[in-house]
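Residue-level structure breakdown
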Amino acid sequence: MFGKLSKRSNVPQFHAMGVLAEANRQAALGRDILHLEVGEPDARAPARVRDAARAAIAAGRTGYTEALGLPELRRAIATHYQDFYGVDVEPERIIVTTGASGAFILVFLALFDPGARVALASPGYPAYRSILAALGIEVVTIPGAHDSAYQPVVDLLEPVAADLDGVILASPANPTGSVMPEPELIRLVAFCRERNIRLVADEIYHGIAYEAACPTVLGLDGEAVVVNSFSKYFAMTGWRLGWVAGPPELIEAAERLAMNFFLCAPTVAQVGACEVFGCYAELDAHVERYRANRDVLLAGLLKSGFRKVAAADGAFYLYVDVSDFADDSFEFARQLLQDEGLAVAPGVDFDRERGHRFVRMSYSGAPETIRETVNRLGNWTLR
Ligand SMILES: Cc1ncc(COP(=O)(O)O)c(C=O)c1O
């Protein structure tokens, strides 16, 4: 018997990974499984990135980098802000991290003490809650509303704002794919500034937006803290690379923490990532594929009787209310995998209270996968 573990390590597991494990087990037995449970692009990093990484390995560029990241990568990210958003962000205001995941740890540690209160909308990406809880920070859940696209809009924040230290925003969001409209974003930024509430914007799905481009919070507020990543738009999940952009004081604190916690982000990945900003056309082509997939899946869902789907203007997920078909989305996911070989993520990962009514479907796969998904969903509802 190993003995006692810390209370803080007792964060919930991610049920989507359980579905993935079962789907893989069935695939190994020869079943034809379609994966809509995982949250990553099926596209691979551009060839230029992979070539640069290969060359870095061949040249032995495999030691540590500065804790802040390779200077050329920080410069490339700064140029990206100019090219992509028309916003000036000096390289000194950027630290390269081990994915957005590593960025959250640095940012939450740098901004909040134990006992601080940080609000986030539910449904939402589960790691925010788990990381904050493990750090002893109190999570204030804002139950998202369908009408405000499940976003933490000012009207929902106002009643709990009195002793709030921070708000986390993800737009486009996971699991809904919803985008906070720009006027609402401007309201949120002003609201947080007036009350000295730290706004942390997770902009990881920027670049994957179907209606209008998403403005960076950095262009609206010089004090804002932004987390971003090479995982989604840039299709580099396994390279484990992201960044934080924020005020110099925050970057200094994050650097000190990074030196102690991580030393640096992966070096070969950083060398590769320098090339990715020359690949917008290729990356945008992926986004066009996601858009077509979204339209096919949404139409198929509606045709099969799934009528309540959150408005999805970005990312590559649909968050679907399955309560007309099952009481428990976990059971729904199990049954769909069993009957049709379709793997989806149960909503309880994203919303502990109401998630039993929802599943998340990721449409980042090949168009054939999405078309076949629609066929199988149709078959399933006719059973
Ligand atoms: C909203 C959101 N933020 C952050 C992450 C973490 O991304 P990474 O650590 O790969 O950069 C994810 C991954 O799915 C996500 O959906």
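About the cut-offs
- Residues numbered from 1 in each chain as written.
- Predicted model: local features only at pLDDT ≥ 70, side-chain atom pairs only at ≥ 80, totals over all residues.
- Helix = DSSP H or I, 4+ residues; strand = E, 2+ residues; numbered from the N terminus.
- Rg over C-alpha atoms; globule rule 2.2 N^0.38 Å.
- Buried ≥ 20, exposed ≤ 12 C-beta atoms within 10 Å, placed from the backbone.
- Contact = placed C-beta atoms within 7 Å.
- Near = placed C-beta within 6 Å.
- Core = buried A, V, L, I, M, F, W, Y, C linked by C-beta atoms within 7 Å.
- Domains from an automatic or database assignment.
- Pairing = 2+ DSSP bridges.
- Axes fitted to C-alpha atoms, helices over the stretch in contact; angles between N-to-C directions.
- Expected span 1.5 Å × (residues − 1).
- Arc of directions from axis to C-beta.
- Parallel < 35°, antiparallel > 145°, perpendicular 65-115°, else oblique.
- Nonpolar A, V, L, I, M, F, W, Y, C, P; charged D, E, K, R; others polar.
- Left-handed = near helix turned anticlockwise from the far one by under 90°.

1. Comments concerning the overall build of the protein
The secondary structure content of the protein amounts to 12 helices and 12 strands. A globule of 383 residues ought to have a C-alpha radius of gyration of about 21 Å, and the protein, at 21 Å, matches this closely. Each principal axis of the C-alpha atoms in the protein carries an extent, and together these give about 60 × 55 × 55 Å. Across the 383 residues that make up the protein, the buried fraction comes to 46%. In the protein, the proportion of contacts linking residues at least 24 apart, taken out of those at least 6 apart, comes to 73%.

2. Focus: the site of the ligand
Close to the ligand lie 13 residues; Gly99, Ala100, Ser101, Ser229 and Ser231 are nearest. Broken down by element, the residue count for the shell around the ligand peaks at three residues, all from helix H4 (residues 99-111).

3. Re the nonpolar core
Among the nonpolar cores identified, the biggest contains 112 residues, and Val107, Leu199, Met236 and Val244 are the most heavily contacted of them. For this core, the element with the most residues is H4, which contributes eight residues. When residues of this core are assigned to domains, at least three fall in each of domain 1 (7-44 + 280-382) and domain 2 (62-278). The contacts of Val244, once residues within four sequence positions are left out, are Ile95, Thr97, Ala103, Leu106, Val107, Val225, Val226, Val227 and Ala254.

4. Quick notes on the domain arrangement of the protein
Looking at the assigned domains, one finds that the protein contains domain 1 (7-44 + 280-382) and domain 2 (62-278). Taken together, the 31 residues of domain 1 in the interface contact 31 residues of domain 2. Elements represented by at least two residues in the side of domain 1 that touches domain 2 include exactly helix H10 (280-303) and strand S9 (317-321).

5. Quick notes on the sheet that holds strand S12 (residues 358-362)
The sheet built from three strands is open, its strands ordered S9-S12-S11 with antiparallel pairing. Both edges of this open sheet fall to S9 and strand S11 (345-346), since each of them pairs with a single strand only. One ladder, built from five bridges, connects S9 with S12; its direction is antiparallel. Within S12, the position partnered with Val320 by the bridge is Val359. With respect to the sheet, helix H11 (residues 329-340) is in contact with S11 and S12, its orientation differing from that of S12 by roughly 45°.

6. Some remarks on helix H12 (residues 367-382)
Compared with an ideal rise of 1.5 Å per residue, which puts 16 residues at 22 Å, H12 spans 23 Å between its outermost C-alpha atoms and is within 8% of the ideal. For H12, the set of buried residues is Ile370, Thr373 and Leu377. Seen along its axis, H12 keeps its buried residues to an arc of 50°; they face one direction. Exposed side chains of H12 directed beyond 90 degrees from the buried face belong to Glu368, Asn375 and Leu382. On its buried side, H12 packs onto strand S1 (34-35), H10 and strand S10 (342-343).

7. A closer look at the sheet that holds strand S2 (residues 94-97)
With mixed pairing, seven strands are arranged side by side in an open sheet as S2-S8-S7-S6-S5-S3-S4. This sheet does not close on itself; its edge strands, each paired only once, are S2 and strand S4 (138-143). In this sheet, adjacent strand axes meet at a mean angle of 20° when their direction is disregarded. The pairing of strand S5 (residues 166-170) with strand S6 (residues 198-202) spans five bridges and is parallel. Looking across to S6, one finds that Leu169 is bridged to Ala201.

8. A closer look at the packing of H11 against H12
Where H11 meets H12, the closest approach of the two axes is 11 Å, and the angle between their N-to-C directions is 105°. The orientation of H11 relative to H12 falls into the category roughly perpendicular. Along the contact surface, H11 presents Leu336, Asp339 and Glu340, while H12 presents Arg376, Asn379 and Trp380. Counted by class, the contact of H11 with H12 contains two nonpolar, one polar and three charged residues.

9. Here's the deal with the packing of helix H1 (residues 15-28) against H11
Between H1 and H11, whose axes approach to 11 Å, the crossing angle comes to 20°. Accordingly, the angle class assigned to the pair H1 and H11 is roughly parallel. In this structure, the crossing between H1 and H11 has a hand that is right-handed. Contact residues: H1 offers His15, Val19, Glu22 and Ala23, while H11 offers Phe330, Ala333 and Leu337. Its residues assigned to classes, the contact of H1 with H11 comprises five nonpolar, one polar and one charged.

10. Observations concerning the pairing of S2
Residues of S2 alternate between two faces, with Ile94 and Val96 on one and Ile95 and Thr97 on the opposite face, all of them buried. Bridge count for S2 against strand S8 (residues 242-245) is four bridges, and the pairing is antiparallel. Its bridge partner lying in S8, Ile95 is registered against Val244.

11. Considerations on helix H2 (residues 47-58)
When the terminal C-alpha atoms of H2 are compared, their 16 Å separation across 12 residues agrees well with the 16 Å that a helix rising 1.5 Å per residue should span. By the burial criterion, the buried members of H2 are Val49, Ala52 and Ala53. The buried side chains of H2 occupy one side of the element, clustering within an arc of 100° when seen end-on. Summarising the geometry of H2, the exposed residues directed more than 90 degrees from the buried face are Ala47, Asp51 and Ala58. Buried-residue contacts for H2 involve helix H9 (267-273). Positive phi shows up at Gly60, right after H2, with a value of about 75°.

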